[in-house]
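Structural features, examined
Each chain, letter by letter, is given below.
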Amino acid sequence: MTVETNHPETLVLHAGFRRDEATNAVAVPIYQTTSYQFDSTEHAENLFALKELGNIYTRIMNPTCDVLEKRVAALEGGVAALAVGSGQAATTFAVLNLCKAGDNFVSSTDLYGGTWNLFSNTLRDIGVEVRFVDPTDPENFRRATDDRTRCYYAETLPNPKLNVFPIREVADIGRELGVPLIMDNTACPIICRPLDHGAAIVMYSTTKYIGGHGTSIGGLIVDGGNFDWEAHRERFPTLNEPDPSYHGAVWTEAVKPLGPIAYIIRARVILLRDLGSPMSPFNAFQFIQGLETLPLRMRAHCENAQKVAEFLTNHPKVTHVIYPTLQDGEFRRRADAHFKGGYGALVGFELEGGREAGGRFINALQLFYHVANIGDARSLAIHPATTTHSQLSPEEQLASGVSDSYVRLSVGIEHIDDILGDLRQALDAA
Ligand code: PLP
């Protein structure tokens, strides 16, 4: 039985799995196995030839990961998903599924530091060129596009700037030119569904809010199934040309009977097969657990973050607070157009006294953890200039919005009085 609904609160509990076929277990079992017995040589042959979908080897697919993939795909309004070992792996796969050496892609400058490094160094080293553009003007994406541009890439709610990305505007430009938009929606599951605004692919570091409890590293890519790869044959050779590593399969044709899943099937059977980095079944189980309470947690995260932003705005030692509801003009309009039910739980601020005061503030925190993470149920704080963004040059730091005195908070779901109490005492000490 499948549950027909669009409500996220129900999907996270029911989509893609009702009970275990083998045991009737209601909780999703952890299928801790590397391989799967074939019924016959014909069965094995059909699985390898993709004539039939089924389990072969856990580097490429696993029944526990499969439930997570189905659940997140349903939540996002996509057609299928792929779970991988980390958010970094998800970003790498999302881009390399379309780009070969000599190709380029256009990315927003407003990125997580690790993604910035991946794009500007590691991908460049293998011949894939990133073209960074300022997303303040969506037309910058059009200007940077040429015949070898394979995709656009951006984060919905990039920290530290917290300027909501103009998904609709850039997706529309991309659809006009035949370029798909890949969105990293890590910081705002539930409150934003990028596919509804025209994005073609969504990726997550499930390490953050989806896991929610700071226990596991993971990543996930969702295929919207809404991009016509065949209408732009020359732009997407990885999907439209015979693949010599898979009996000359043309992915847009080979999987047509299974639905519009050419992109995600290729990511699984080529990139995951060759590059590895699958999600472990145990971590998939943890993410399934996290997902069950995600709508509730996101609501609590967002409510607390709004109160923290208001508190900091009124504090005499704080010179500047960054939170979507405190912005005005075009940035506020973008936040309102793309978000529903909250504005996320990341809050940035600058302190009187610069880097030294920021350091004293962080050292004085007692409830907040000082960690390089976001999206934990617990409240977290960090000084990006000396940590997450420290490998960037001073110019790159400024381009991504990191000033010397900037402190980033990932507001948790503790009682708001305790969160504000800790901030108050740490500000006193700063
Ligand atoms: N995307 C964003 C927005 C992130 O914040 C992070 C990690 O901090 C990543 C991607 C990378 O995810 P992971 O640490 O799971 O590899």
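Along each chain, numbering runs from 1 in the same order as the chain's sequence is written. For a predicted model such as this one, the threshold for reporting local features is a pLDDT of at least 70, and the threshold for listing and counting side-chain atom pairs is 80 or more; totals across whole chains, interfaces and linings nevertheless cover every residue. Working from all heavy atoms in the structure, the side-chain values ignore hydrogens and water.

Helices and strands together make up the secondary structure of the protein chain, namely 16 helices and 12 strands. Taking 430 residues into account, the globule formula puts the C-alpha radius of gyration at 22 Å, and the protein chain, at 22 Å, falls close to it. Dimensions of the protein chain, computed from the C-alpha atoms along their principal axes, are close to 70 × 50 × 35 Å. Within the protein chain, the proportion of its 430 residues that are buried is 58%. Secondary structure counts use DSSP, requiring at least four H or I residues in a row for a helix and at least two E residues in a row for a strand, with both numbered from the N terminus. Note that the radius of gyration is over C-alpha atoms, with the globule rule given as 2.2 Å times the number of residues to the power 0.38. Working definition: with a 1.4 Å probe on protein chains only, accessible area under 20% of the residue-type maximum means buried, over 50% means exposed, and in between means partly exposed.

Quick look at the domain arrangement of the protein chain now. Boundaries of every domain are those given by an automatic assignment or by a domain database. According to the domain assignment, the protein chain consists of domain 1 (8–289) and domain 2 (295–429). Measuring from the centre of the C-alpha atoms in domain 1 to the corresponding centre in domain 2 gives 29 Å. By definition in these notes, contact holds between two residues if any of their heavy atoms fall within 4.5 Å. Contacts between the two partners involve 40 residues from domain 1 and, on the opposite side, 45 residues from domain 2. Summed over both sides, the interface of domain 1 with domain 2 buries roughly 3,400 Å², with 60% coming from carbon and sulfur. Counted as salt bridges are all cases of a side-chain nitrogen of Lys or Arg within 4 Å of a carboxyl oxygen of Asp or Glu. Counting the contacts that link domain 1 with domain 2 gives two salt bridges. What gets called buried area is simply the loss in accessible area from a 1.4 Å probe that two parts show on being joined, summed for both.

For this analysis, a ring pair means two rings from Phe, Tyr or Trp (six-membered ring only for Trp) whose centres lie within 6.5 Å, classed as stacked if their planes differ by under 30 degrees, edge-to-face if by over 60, and tilted for the remaining angles. Inspection of the entire model under this criterion finds 13 aromatic pairs. Ring centres of Tyr 246 and Trp 251 lie 5.2 Å apart, and the angle between their planes is 70 degrees; on these two criteria the pair is classed as edge-to-face. You'll find Tyr 246 and Trp 251 in the same group, each marked buried. An aromatic cluster of at least three residues, connected via ring pairs, comprises Phe 227, Trp 229, Phe 236 and Tyr 263.

With that settled, consider a negative patch on the surface. Patch definition: residues with relative accessible area over 30% and no salt bridge; like charges joined within 9 Å; nonpolar side chains (Val, Leu, Ile, Met, Phe, Trp, Tyr) joined within 5 Å. Computed with the Shrake-Rupley method and a 1.4 Å probe, the accessible areas treat only the protein chains shown as cover for residues. Neither His nor the chain ends contribute to the count of charged residues, in which Lys and Arg are positive and Asp and Glu negative. The atoms used to mark charge sites are NZ of Lys, CZ of Arg, CG of Asp and CD of Glu. Judged by side-chain charge, Asp 39, Glu 42, Glu 45 and Glu 52 come together as a negatively charged surface patch. Its place among the elements puts Glu 42 in helix α2 (residues 41–48). Residue Glu 42 is classed as exposed on the basis of its relative accessible area, which comes to 56%.

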